[in-house]
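Survey of secondary and tertiary structure
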Amino acid sequence: MFYRELENKRVRCELCPRGCIIANNTTGFCRVRKNVNGILYSLNYGKAAAIAIDPIEKKPLFHFAPGSQCLSFATVGCNLRCKFCQNWQLSQEFDEVYGEEIEPEHMVELAMENGVEGIAYTYTEPTIFYEYAYDVMRLAKKNGLYNVWVSNGYTNKDAVKRVSKYMDAINVDIKGDERFYRTMAMVPDIRPIFNALKEYKECGVWIETTTLIIPGYNDSKEAIENIVLWIKKNLGESTPIHFSAFHPDYKLMDIRSTPLHILERAYSIAKNMGMRYVYIGNVFGHKNESTYCWKCGNLLIKRYGFHIVSYNERCNACGEEIRIAGKKWMKAR
Ligand code: SF4
């Protein structure tokens, strides 16, 4: 899907904004889409390199189908080169395209057999296993399962539009400013990411965002304010924002973990700017893992890590109701 044939058996991939022009017998930047005699093949189709059952809160999605479980899978590959990647063994450092052969029908069967409520396309970037994800998603929907993506948002508009038909919710990383993306993730132009986010919203997909805060790189007051301002203006003040703690990984082993006060400052900035649902992630047991009434501050959903301890959608102090998308599965707990 999403490519054009060029002269001399070359092709142009139009799945993501990188727009690789791929010569015969070579692969694109993501290393999982190969041109064979002028036909672009998805090498990772049906090859699940990681698979697990996770709570939806782990994605993180805090306002979609709370309390549900999802079959989560990934293939190898990525269209970005984040120096801080937490799944770099799968996304970057693979010698060949590997994975357990699981056809879309079988993936959906696995979900049903395990009694989960949905399927998550996660761990690496689902855009680069688009065709595989798309086929699983269509079957999942037919069988009453939800579909959620965890994505870097580096996806072209047509692909976003097409997949949104089967997508219920998405968590998109907003990593930093233009310079951050260029130097830390090899993204030359960030506008397509923000366009993709607007398109998902236009298509009615429930959106939450995550910003991994790396000390000294994207933690300034100005950087956080710019991210929050964009979200508020374009996605709305009820969009849940997750600020996650960085821990040394991959090519950033010499950077310290994010101190708590930096995360708490980001939280305060977003709240003071009028965002209703702001969370601190990767700090188990922190009070800002929980949901508070945006009007009066009353505790409504108490979480510990990925688990819900107590659940209230309506504030019993002021009567305000919080925004929750998708079916609730709290009864399952
Ligand atoms: S999906 Fe892969 S091959 Fe296609 S444009 Fe993006 S990086 Fe290049």
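Here goes a summary of the coordinates provided. In this text the structure is predicted, and so the values were computed from the model without any measurement. (Residues numbered from 1 in each chain as written. Predicted model: local features only at pLDDT ≥ 70, side-chain atom pairs only at ≥ 80, totals over all residues. Heavy atoms only, no water.)

Another point: the overall build of the chain. When you go through the chain residue by residue, the secondary structure sums to eight helices and 18 strands. With the C-alpha coordinates of the chain rotated into their principal frame, the extents come out at 70 × 45 × 35 Å. When contacts within the chain are restricted to residue pairs at least 6 apart in sequence, those whose partners lie at least 24 apart make up 64%. Carbon and sulfur atoms make up 48% of the accessible area of the chain, which amounts to about 14400 Å² in all. Between the mean site of the 44 positive side-chain charges and the mean site of the 38 negative ones, the chain shows a separation of 5 Å. (Helix = DSSP H or I, 4+ residues; strand = E, 2+ residues; numbered from the N terminus. Contact = heavy atoms within 4.5 Å. Areas by Shrake-Rupley, 256 points an atom, 1.4 Å probe, with all protein chains shown as cover. Lys, Arg positive; Asp, Glu negative; His and termini not counted. Charge placed at Lys NZ, Arg CZ, Asp CG, Glu CD.)

Here we take up the pattern of salt bridges. Applying the stated criterion across every chain, the model contains 14 salt bridges. For aspartate 135, the salt bridge is made with arginine 138, and the minimal N-O distance between the two is 3.1 Å. Of this pair, aspartate 135 and arginine 138 both sit in helix α3 (residues 130-142), three residues apart, which is roughly one turn of that helix. For aspartate 168, the salt bridge goes to lysine 141, with nearest N and O atoms at 2.9 Å. Residue aspartate 168 is found in the loop between α4 (157-164) and β12 (169-173), and its partner lysine 141 is found in helix α3; the two are separated by 27 residues along the sequence. The exposure class assigned to lysine 141 is partly exposed, which follows from its relative accessible area of 32%. (Salt bridge = Lys/Arg side-chain N within 4 Å of Asp/Glu carboxyl O. Buried < 20%, exposed > 50% of the residue type's maximum accessible area, 1.4 Å probe, protein only.)

In this section: the packing of α3 against α4. Running from N to C, α3 and α4 cross one another at 20°; their axes reach a closest spacing of 10 Å. Considering their axes alone, α3 and α4 lie roughly parallel with respect to each other. Of the two possible hands of crossing, α3 and α4 adopt the one that is left-handed. Contacts between α3 and α4 involve Tyr130, Tyr134 and Met137 from the former and Ala159, Arg162 and Val163 from the latter. (Axes fitted to C-alpha atoms, helices over the stretch in contact; angles between N-to-C directions. Parallel < 35°, antiparallel > 145°, perpendicular 65-115°, else oblique. Left-handed = near helix turned anticlockwise from the far one by under 90°.)

This part covers a negative patch on the surface. A surface patch of negative charge is lined by Glu100, Glu101, Glu103, Glu105, Glu109 and Glu113. Going through the elements one at a time, β9 (100-101) and α2 (104-113) are the ones with two or more residues in the negative patch. Element by element, the count of residues in the negative patch is highest for α2, at three residues. Looking at where glutamate 105 falls in the secondary structure, it is placed in helix α2. Judged by its relative accessible area of 45%, glutamate 105 is partly exposed. (Patch = residues over 30% accessible without salt bridge, like charges linked within 9 Å, V, L, I, M, F, W, Y side chains within 5 Å.)

Inspection of the secondary structure puts tryptophan 230 in helix α7 (residues 221-234). Leave out the neighbours within four places in its chain, and tryptophan 230 touches Ile174, Phe194, Leu197, Lys198 and Leu235.

Here α7 spans 20 Å end to end across 14 residues, near enough to the 20 Å set by a 1.5 Å rise per residue. Turning to α7, its buried residues are Ala223, Ile224, Ile227, Val228, Trp230 and Ile231. Each buried residue of α7 sits inside an arc of 155° when the element is viewed along its axis, so together they form one side. Seen from the open side of α7, the exposed residues pointing more than 90 degrees away from its buried face are Glu222 and Lys233. In this structure, the buried residues of α7 make contact with α6 (191-202), β13 (206-213), β14 (241-245) and α8 (260-272). In the segment just after α7, glycine 236 is the residue with positive phi, at about 105°. (Expected span 1.5 Å × (residues − 1). Arc of directions from axis to C-beta.)

To continue, consider the sheet that holds strand β1 (residues 3-5). The strand order across the open sheet formed by three strands is β1-β2-β3, and the pairing between neighbours is antiparallel. Both outer strands of the open sheet, β1 and β3 (21-22), are each paired with one neighbouring strand and no more. In this structure, strand β2 (residues 11-13) lies alongside β3, joined through two bridges in antiparallel fashion. Bridging from a neighbouring strand, valine 11 pairs with isoleucine 22 of β3. (Pairing = 2+ DSSP bridges.)

Turning our attention to the pairing of β12. The side chains of a regular strand alternate between the sheet's two faces. Of all five residues making up β12, four are buried, and the element is well covered by its neighbours. Where strand β11 (residues 146-151) and β12 come together, four bridges link them in parallel fashion. The residue of β12 that forms the bridge with serine 151 is valine 172. Sheet analysis places β12 next to β13, joined by five bridges and oriented parallel. Directly across from asparagine 171, in β13, lies its bridge partner glutamate 208.

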